Each structure stands twice: as C-alpha cells, then as structure tokens.
Amino acid sequence: MRIKLLSLLILFIVLTVVMSVPTTSSSSSNREQKGQEEVDEDGSFAKPVKNGKTFANPPSFKNWGGLPGLSDVYRFKFKETDHENVPTDKRLLDVEIPVHSIKASDFHSESDLFATWLGHATVLVNLEGVNFITDPVWAERASFTSLVGPKRYRPPPMKIKDLPDLDFAVVSHDHYDHLDAEAVKKITDLNPQIKWFVPMGMKSWMENAGIGVDGSSSVIELSWGESAEFEKDGKKFQVWCLPAQHWGQRGPFDRNRRLWSGWAVIGAKRRFYYSGDTGNCDSEFKKFGEKLGPFDLAAIPIGAYEPRFFMKSQHINPEEAIGVHQLIRAKNSIGIHWGTYHMGSYEYYLEPRDKLKELMDSREDLKNTSFVTIEMGRIWEAPDDA
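The structure presented is a predicted model; accordingly, all values stated were derived computationally and were not measured.

The rules behind each value
Residues numbered from 1 in each chain as written. Predicted model: local features only at pLDDT ≥ 70, side-chain atom pairs only at ≥ 80, totals over all residues. Heavy atoms only, no water. Pairing = 2+ DSSP bridges. Helix = DSSP H or I, 4+ residues; strand = E, 2+ residues; numbered from the N terminus. Axes fitted to C-alpha atoms, helices over the stretch in contact; angles between N-to-C directions. Salt bridge = Lys/Arg side-chain N within 4 Å of Asp/Glu carboxyl O. Buried < 20%, exposed > 50% of the residue type's maximum accessible area, 1.4 Å probe, protein only. Right-handed = clockwise from strand over helix to strand, strands pointing away.

Glancing now at the sheet that holds strand S3 (residues 113-117). Sheet strands pair via backbone hydrogen bonds, and the direction of the pair is either parallel or antiparallel. The 7 strands lie next to each other as S8-S7-S6-S5-S4-S3-S16, forming an open sheet whose pairing is mixed. Single-partner strands in this sheet number two, and they are strand S8 (218-222) and strand S16 (379-381). Neighbour-to-neighbour, the strand axes of the sheet open up by a mean angle of 20 degrees, direction not taken into account. Inspection of the sheet shows S3 paired to S16 by 3 bridges, in the antiparallel sense. Opposite Thr116, over in S16, you have Ile379 as the bridge partner.

Take a look at the structure:
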C-alpha cells in the first residue's frame, strides 16, 4: 500500500512539473499576432491566439510572462518559505472561516440580485429571477485522484442535492479546482434542462461526460467577445464569454487544448461579472467596464498568489483584484478563490481576506463602492442603490 501511495505521489509531482513548463504565445505566426494587435487597437475584446489545436494568451496581454520553468519550480519548491499555516484544529477554522449550512429554501431575498459563496470559485447567483452558478466544485481534492492533490479544508455550505433549481452554469476553464466532473454530472441530473456555458474546446469534454448529448441539457461553447442569449419567463439575458489571462490543462497531454475565460451575465437592470482565474490583463478589464459595465456585482479571485514570481502571470493578488474591481466599474465585488483548498501558494491562509480589507479601507476613491469577503453560505444582497 505504501509503495502504491508513493507511486501516485511521484506521478502527481511529475504531472505538476510537466504542467509548469513555460507556455507563451511566441510560437504563434506573425500573421496571427498582427491580427491580434489590430483587434486590440480597435477597442474590441482580445481574441486568443490559436496554434493548431491549442490556445495561447495574445501578445496584447503585456503582463503574461508564460508559466514558470523548471528552475522556477525548483526555486518555488526548495528555496521559498510556505506561510500558509492552515490550522488543523477544526474548531479554530470554524471561527476564522465560518461555514453556514444552507438549503434551497434559504436561498431567497426580496432583492433582484443576491448571491452566496459556496467556497473557492463557486458562487450561486440569482439575477432578476434566473438562478446560475459559477465553476461548481464540491470535490474533497481538486485533483485527478482522491489520494493526492489540493485538499479541501473548508466544507461546502450546501450539498449538491440541496441546490435550488438552476437555469444555467458558467465554467471558466478545465483546471480541477474549477471543473469538478462529478459535480457537473450530478447538477445536470438534478437539472435536466440546465444550459452550460463554456469556453472553446470544452463542449467535447462535456459531451464525453454525457452532458448535452440527450437533447435535454445543452452546452453552449463561446470564444472571447462572443455572447449568447438566455430567456426565462419572457426575460432575456445576455451571457458573455470574456478574455482572461490564464491557461488550461487537465491531463499530461492536453495542455491548452481548451480555452479559459471570464463571464458576464447581463439582465434588463442588473449586471454580473465573474473573472475565472486570471492574471492582470488590465487593458481588457478596462474594456469590460466601458462596454458592459458598470457591474452591480463581481466575483473576483483574491487568493493563490504567492510567491509572485511563480503566480503573477496566472493569478492576481488582492491589490490587483481591487484594480479589476475599479477597471470594470463594479459597484460591489465579492472576493473568492481563497479559504477553501490548500492551493499550493505560500501566502498566510487569512491574508487574502485581511489584505483586501486593509487595502479597501485605505482607498478613499473607492468609498462609494464595496469589495468585501462574505462567509460561506451567507446571502449577499444588492443594495437598493446598486
């Protein structure tokens, strides 16, 4: 048994290293790069570079330095200090990061926009009567196996069977902490008419999982800058697939075969933005604010950012998250992507929350907006003047 566990651990480490080799858009053709620059200059949303069967971040993403190389992996693993220090005492965690159990009957409000954080990047939202969820993940480990990989240290506040009826879901990319195969299947079984909005390359994965093949549930695949319409009870909503600075991989041989993205949901009165995982592609965030904002609510990641030399291209820190909040013209934002899994980053486990509050308290120019963290399972409601 020990030999088997050791073998699996070695395999996981090898995969981690393989998944950390630099990936840049430098191999794209001159024609593709020139075309991308022209798209950016005319004010449109950026388009991903397509290199045969794989995607890459475009040259206009000036803050994309590629993924860490082998020397960076060595420095990260053996030269840096891990300050995460998540306590093993559940009683202490219950105080520091409370989780409030809820069921579908608890998810209600008089507001026409309300939401709850279900942990990590999973947010349940009701916008003008339509229920949707972002990157639903319930797994004990965000991994290809239940034996190794990022382990959950805070439980979900809601069981999948206790979710309210869902109209649609958005998936940002294929990493295990954002795409939980079992959760996706269970949600579809419970909501046979649900629509899944996914970035390019994800439809075939969903269909291989049995989703969208029987004519009931459906998968809508979009690229950056594309939108689709969703209608419920005579109300029409726009669902936008938006650029994000990240990458994708689920197995040892499918690096960047599937695109990554953020999402916006636009109703008659209310607007919601979810960034997915992203580095600081600030020129795009500004476009989101100008073309689709202001947003009444945004879900923006604030964790998994240290050390910066290793994480900067792919994850924003609290200061950069506030920059996103400002550029997209968010009236209200919720900080996500922290306090749930051991993500392998080295910041103290409460630093994302505490740093966000410290920085927001110092920003006089943002006093008329709100960027907060909420406890898992608590209902956030849009203020009347949002």
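So, on to the sheet that holds strand S15 (residues 370-372). Spatially, S9-S10-S11-S12-S13-S14-S15 is the arrangement adopted by the 7 strands of the open sheet, whose pairing is mixed. Only two strands of the sheet have a single partner each, and these edge strands are strand S9 (227-232) and S15. Mean inter-strand twist for the sheet, computed between neighbouring axes without regard to direction, equals 15 degrees.

Pairing between side chains of opposite charge can happen when the charged atoms of each approach one another. One pass over the full model with this rule turns up 21 salt bridges. Taken together, the shared-partner salt bridges in this structure form one network comprising Asp112, Arg270, Asp296 and Lys331.

The buried count for S8 comes to 4 of 5 residues, which makes it a mostly enclosed element. In this structure, strand S7 (residues 195-199) lies alongside S8, joined through 5 bridges in parallel fashion. Among the inter-strand pairings, Val198 is bridged to a residue of S8, identified as Glu221. The β-α-β motif built from S7, the intervening helix H6 (residues 202-208) and the parallel element S8 has right-handed crossover chirality.

Nothing here speaks to function; it is geometry throughout.
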